[in-house]
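Below, each chain spelled out in residue letters.
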Amino acid sequence: MNRQDRADAVDREMAASLLPDAAVRALGRWWSENASAYADGTPGAHTVRYTPGRWEQITPWPSALAPTSCGGDAGVSRAEVASAVADALRREAFREALVATYVWGKGKRGTPGGSGPATLHKILAAEGLDAALAHAITTLSEHSAKAAYAGLQSLVPEFGPSFYTKFLYFVGKTVSPATGPQPLVLDRVLARRLRSLAQTVGRKTGHDPDGSIARWVWRDSNWSPHRYAVYLSFMQAAASQAAATGTWPPDASPDLLEYALFSASWT
């Protein structure tokens, strides 16, 4: 088998086995510790801290975020970002939607040196940004999360999948895909979680004894649209698997699993 055939074989094994027992137990522990915070079965209450004053160069600035003139730090939850994005989409203010998702995604990481605001400023100045965002939203509504992802890949300089999947995730709270799963965030942390699982499966089955295939497909960035689709399908199935255990909320959305895998050790 060539490299892609081996990757496909590992994907099939992962889809069949899903989360190992140790991961399911870890998720159960995570839920027992966090059930009161996410009682609705969603990560809507998940709040990120950011420093508004460090983003003063950024326009348009969503009203849902604290004014950049205010001192100190502020917090914004997933539910608040989803509401801000829904409002922006109604007005076709796609840049506002992008800013809200980017600030939430960046939080305080990187902002002391200005990398977060500086990078966002470059993205907002990119030629064709408005058309790219509008096309992604239309593609999501008429096709799938995979197609919307493919349409944004390598299109806008500095705007990589760790951040445009956040944009698609929040857009997906208002605009449902015509086919396939809802979009979810995929970043380096989550890719490494899936890489670890793929390496275990690859060793057990002999399809990837040295883990090189897992490192290739679940690399730290620039995942293919096919890989994003594999991720979404896996997460949807794994959420159902976790719900069937009785230690995970039965009506939980897949993004609760995404947040749990991101925020805690699960192996």
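Only a predicted model underlies this, so the values are computations on that prediction, with no experimental measurement involved.

The subject of this paragraph is the packing of helix α3 (residues 78–90) against helix α4 (residues 94–106). One can describe the packing of α3 onto α4 by two numbers: an axis separation of 8 Å at closest approach and a directional angle of 165°. The angle between the axes of α3 and α4 places the two elements in the roughly antiparallel class. Here α3 runs over α4; the crossing is left-handed. Contact residues: α3 offers Arg78, Val81, Ala84, Val85, Ala88 and Leu89, while α4 offers Phe94, Glu96, Ala97, Ala100, Thr101 and Trp104. Per-class residue counts for the contact of α3 with α4 are nine nonpolar, one polar and two charged.

It is worth spelling out empty space enclosed by the protein at this point. Using a probe with the size of a water molecule, rolled over the atoms, empty space left in the structure can be pinpointed. Taken as a whole and assessed by the stated rule, the structure comprises one cavity of 30 Å³ or more. There is about 30 Å³ of room inside the largest cavity. Lining the largest cavity we find Ala7, Val10, Asp11, Ala198, Asp208, Ile213, Ala214 and Val217. Looking at the lining of the largest cavity, the elements that each hand over two or more residues are α1 (3–17) and α10 (212–217). Partitioned by chemical class, the residues of the lining of the largest cavity number six nonpolar, no polar and two charged.

Cut-offs applied
Residues numbered from 1 in each chain as written. Predicted model: local features only at pLDDT ≥ 70, side-chain atom pairs only at ≥ 80, totals over all residues. Heavy atoms only, no water. Axes fitted to C-alpha atoms, helices over the stretch in contact; angles between N-to-C directions. Helix = DSSP H or I, 4+ residues; strand = E, 2+ residues; numbered from the N terminus. Parallel < 35°, antiparallel > 145°, perpendicular 65-115°, else oblique. Left-handed = near helix turned anticlockwise from the far one by under 90°. Contact = heavy atoms within 4.5 Å. Nonpolar A, V, L, I, M, F, W, Y, C, P; charged D, E, K, R; others polar. 1 Å grid on protein atoms, 1.4 Å probe; cavity = no way out; pocket = protein on both sides within 12 Å on 5 of 7 lines; lining within 4 Å. Points joined across faces, edges and corners; volume = space filled by probe spheres on them.

Purely geometric numbers; function is a separate question.
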